[in-house]
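Architecture at a glance
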Amino acid sequence: MMNTKYLSIAQINNYIKVMFDENIHLKKVYLKGEISNFKRHTTGHLYLTLKDDNSRISAIMFRSSASTLTFTPQDGMNVLVEGRISVYPMGGTYQIYIDKMEQDGLGNLYIKFEELKRKLQMEGLFAQSHKRPIPKYPKRIGIVTAPTGAAIRDILSTIKRRFPVCETILFPALVQGVSASPSVAKQIEVANKYDIDLLIVGRGGGSIEDLWAFNEEIVARAIYNSRVPVISAVGHEVDFTIADYVADLRAPTPTGAAEMAVPTILEVKNDLKTIEIKCLNAINSKIENLKHKLKQQKENYILKNPTVLYDIKAQKLINIEDSLNKNIMKKLETSKLALEKYQTNYLLNNPQKILELKKSDLEKLTESLYNAQKYYLEKKENNIEMIIQTLKLLNPLNILDKGYSLVKKDDKIIKDIADVKENDNLNIILSKGKLNVIVKEKIYEK
Amino acid sequence: MKNSEKTFESALEELEVIVKDLESGNIALEEAMNKYTTAMNLIKLCQDKLDKATKKVNKILTENNELVDFEVSESEDNGESAG
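Rules used in this analysis
- Residues numbered from 1 in each chain as written.
- Chains lettered and ligands numbered in written order.
- Predicted model: local features only at pLDDT ≥ 70, side-chain atom pairs only at ≥ 80, totals over all residues.
- Helix = DSSP H or I, 4+ residues; strand = E, 2+ residues; numbered from the N terminus.
- Buried ≥ 20, exposed ≤ 12 C-beta atoms within 10 Å, placed from the backbone.
- Contact = placed C-beta atoms within 7 Å.
- Expected span 1.5 Å × (residues − 1).
- Arc of directions from axis to C-beta.
- Nonpolar A, V, L, I, M, F, W, Y, C, P; charged D, E, K, R; others polar.
- Pairing = 2+ DSSP bridges.
- Axes fitted to C-alpha atoms, helices over the stretch in contact; angles between N-to-C directions.
- Parallel < 35°, antiparallel > 145°, perpendicular 65-115°, else oblique.
- Left-handed = near helix turned anticlockwise from the far one by under 90°.
- pLDDT = per-residue confidence, 0-100.
- Core = buried A, V, L, I, M, F, W, Y, C linked by C-beta atoms within 7 Å.

Side note on the overall build of chain B
Scanning chain B from N- to C-terminus turns up two helices and two strands. Going from N to C terminus, chain B has its helices and strands arranged as α-α-β-β. Classification of the 83 residues of chain B by burial places 19% in the buried group. When contacts within chain B are restricted to residue pairs at least 6 apart in sequence, those whose partners lie at least 24 apart make up 41%.

Here you go:
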């Protein structure tokens with residue numbers, strides 16, 4: 001073994017490394033496996049083992065690549081990776097250096113998507129009746145997307161090109177990774193507090209996982225609850241997300257959203273021209289209409305022949321005059337006749353006769369007055385005689401003549417023995433005088 | 001509201017109402033003429049605003065809840081992998 005050349009470990013490992021690195025099949029490999037021994041180093045690099053039923057391979061994902069992950073890798077997770085195979089000379093191990101890693105089982109994502117879609121549809125989140133109208137000429141547009149990247153650039157440049165009178169407010173949101181959906185939902189809520197009349201929510205194109213935030217329930221509900229109408233603009237034409245179903249309008253791309261959101265200046269100028277023409281037509285037809293009416297009035301028979309109007313009136317006047325004359329004459333005749341009657345009246349022509357008639361009336365009245373008075377006086381005398389007779393009959397003293405007497409005490413007539421006590425002084429009135437007596441004894445009768 | 005204070009959008013809204021009124025034909029001639037004059041002024045106002053329209057400043061809401069001017073960085077594109 002004298003001449004045998006011995007290599008250092010480093011030398012052989014480096015040789016093997018070169019062999020690997022130069023192999024075209026190992027420069028880009030696609031592996032499918034399950035994660036185990038997952039570790040995240042403080043530097044941000046990820047260390048893990050990929051395994052399947054029969055084999056395993058070490059793997060590393062550097063921080064720069066790991067930062068693009070849309071999910072948090074865990075042991076037991078099935079993944080699809082893309083990377084290159086190389087050798088770590090210090091350890092003498094080969095491993096895969098992962099550039100991209102996705103969760104395997106996109107079928108599961110599809111099922112999740114369909115389940116959420118069905119649920120929200122049942123709840124009415126996609127209902128046409130809930131869609132708010134998109135303003136034709138928005139004044140200020142809110143945009144919820146990432147502050148960098150093609151989406152915001154496309155939206156802003158499109159708005160600027162088409163309708164520079166419109167203002168925009170960007171509500172920056174994470175649009176990728178696990179924090180994306182809460183971030184987007186929150187910014188939709190925040191945007192609703194601002195004076196905007198339209199909201200564009202979206203992001204540029206990417207893989208289905210990249211766009212996944214827009215398939216999350218929290219984003220769907222934020223869009224549904226938005227006061228401001230929402231245009232969704234997620235990914236490319238072919239990408240349909242839950243957000244698209246909930247939004248008031250779905251745009252195929254961010255550029256498309258901006259085009260739907262604002263008209264072009266030219267369109268607006270055309271609209272203005274149309275309005276001008278409409279106004280002009282309306283006012284012209286109004287005037288034509290009135291002119292026509294005026295013409296119709298002018299052609300009215302009476303207006304065209306004013307003497308007709310006059311003739312009728314004149315005829316009427318003559319008629320009235322005639323009947324007036326007739327009536328006056330008649331009245332005059334009647335009055336004349338009445339007057340003549342009075343003129344020929346006998347009495348009016350002989351006033352002495354009237355005086356005689358009145359004198360005779362007066363004599364008759366005087367006589368009847370005398371008779372009435374005489375009769376009245378006689379009747380009164382008779383009455384007085386009758387009253388005297390009645391009074392005579394009723395005089396109580398006449399009763400005393402018949403043997404009755406009155407008992408008085410203190411000038412009051414006693415009617416009840418209870419009013420008298422023994423030894424009382426009493427007066428007894430008799431027919432021709434009175435007795436003063438003292439009561440000796442009271443005897444009650446039953 | 002004076003025309004000078006009117007926004008482009010409110011002017012357009014007003015125009016739409018006027019057109020509807022005029023086309024209904026139910027208004028008196030004098031009122032129609034007044035509305036027509038107003039409409040022509042509004043159209044002129046809108047056209048002026050469009051002609052004078054320069055780029056409006058774009059704003060961004062910062063983490064401190066402030067609205068500040070916003071320009072898209074043209075060079076970098078690190079927000080989205082495939083954006």
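Quick word on the overall build of chain A
On a plain count of helices and strands, chain A comes out with 15 helices and 14 strands. For chain A, the residues scored as buried account for 22% of the 446 residues in total. The long-range fraction of contacts in chain A, counting pairs at least 24 apart against all pairs at least 6 apart in sequence, stands at 62%.

Focus on helix 1 (residues 8-24) of chain B
With 17 residues, helix 1 of chain B should reach 24 Å at 1.5 Å per residue; the first-to-last C-alpha distance of 25 Å fits that figure. Within the sequence span of helix 1 of chain B, burial applies to A11(B), L12(B), L15(B), I18(B), V19(B) and L22(B). For helix 1 of chain B, the arc enclosing every buried residue in end-on projection is 120°, short of the 170-degree limit, so these residues lie on one face. In helix 1 of chain B, those exposed residues whose orientation departs by more than 90 degrees from the buried face are V17(B), K20(B) and S24(B). Contact partners of the buried residues in helix 1 of chain B: helix 10 (265-298) of chain A together with helix 2 (29-52) of chain B.

A closer look at the interface of chain B and chain A
Taken together, the contacts link 39 residues of chain B with 42 residues of chain A. Looking at the side of chain B that touches chain A, the elements that each hand over two or more residues are helix 1, helix 2 and strand 1 (58-61) of chain B. It is helix 2 of chain B that contributes the most residues to the side of chain B that touches chain A, nine residues altogether. When grouped by side-chain class, the residues that make up the side of chain B that touches chain A number 20 nonpolar, ten polar and nine charged.

Some thoughts on the pairing of strand 1 of chain B
Here strand 7 (residues 167-172) of chain A runs beside strand 1 of chain B; their pairing, made up of three bridges, is parallel. Note on strand 1 of chain B: the bridge partner recorded for I169(A) is K59(B). As judged from the three bridges shared by strand 1 of chain B and strand 2 (residues 67-69) of chain B, these two strands associate in the antiparallel manner. By the bridge assignment, I60(B) is partnered in strand 2 of chain B with V68(B).

Observations regarding the sheet that holds strand 1 (residues 29-40) of chain A
Sheet architecture is closed into a barrel: five strands sit in the order 1-2-3-5-4 (chain A), paired in mixed fashion. Neighbour-to-neighbour, the strand axes of this sheet turn through a mean angle of 50°, independent of strand direction.

Quick word on the pairing of strand 11 (residues 406-409) of chain A
Residues and elements named next belong to chain A. Relative to strand 13 (residues 425-430), strand 11 runs antiparallel, the two sharing three bridges. Bridge assignment links L406 to a residue of strand 13, and that residue is I429. Relative to strand 12 (residues 412-413), strand 11 runs antiparallel, the two being bridged by two bridges. Considered in strand 12, the bridge of K409 is made with K412. The hairpin turn running from strand 11 into strand 12, its antiparallel successor, is two residues long, and D410 in that turn takes a positive phi close to 50°.

Thoughts on the packing of helix 10 of chain A against helix 2 of chain B
Two elements in contact, helix 10 of chain A and helix 2 of chain B, have axes separated by 10 Å at closest approach and are oriented at 165°. By the angle between their axes, helix 10 of chain A is roughly antiparallel relative to helix 2 of chain B. When you trace helix 10 of chain A past helix 2 of chain B, the crossing you get is left-handed. Residues I265(A), V268(A), K269(A), L272(A), I275(A), E276(A), C279(A), I283(A), K286(A) and L290(A) of helix 10 of chain A lie in contact with helix 2 of chain B, whose contacting residues are L29(B), A32(B), Y36(B), A39(B), I43(B), C46(B), Q47(B) and L50(B). Grouping the amino acids of the contact of helix 10 of chain A with helix 2 of chain B by side-chain chemistry returns 14 nonpolar, one polar and three charged.

Digging into the sheet that holds strand 12 of chain A
With respect to topology, four strands assemble into an open sheet ordered 12-11-13-14 (chain A), the strand pairing being antiparallel. Edge strands, defined here as strands with exactly one partner in the open sheet, are strand 12 and strand 14 (433-438) of chain A.

As for the environment of E209(A)
Residue and element names in this part refer to chain A. For E209, the position within the fold is in the loop between strand 8 (198-203) and helix 7 (217-224). With 17 C-beta atoms packed within 10 Å, E209 lands in the partly exposed category. Each C-alpha atom of the pair E209 and E102 lies 8.1 Å from the other, and the pair is 107 residues apart in sequence.

Details of the confidence of the model for chain B
Averaged over all residues, the pLDDT of chain B equals 77, while 77% of them reach at least 70. Across the whole predicted complex the pTM is 0.51, and at the interface the ipTM reaches 0.71.

Considerations on the environment of D99(A)
Residue and element names in this part refer to chain A. With respect to the secondary-structure elements, D99 resides in strand 5 (residues 93-103). Judged by local crowding, D99 falls into the partly exposed class, with 15 C-beta atoms found within 10 Å. Put simply, D99 and T68 are 31 residues apart on the chain and 9.5 Å apart in space, counted from C-alpha to C-alpha. Residue contacts for D99: discarding those within four places in its chain leaves S65, E82 and G83.

As for the nonpolar core
Among the nonpolar cores identified, the biggest contains 51 residues, and V184(A), L199(A), I200(A), I223(A) and A243(A) are the most heavily contacted of them. Ignoring any residue separated from it by four or fewer positions in sequence, one finds L199(A) in contact with G142(A), V144(A), I188(A), A191(A), S226(A), V228(A), P229(A) and V230(A). One finds V268(A), A282(A), L12(B) and L42(B) within the second-largest nonpolar core, a separate group that totals 16 residues.

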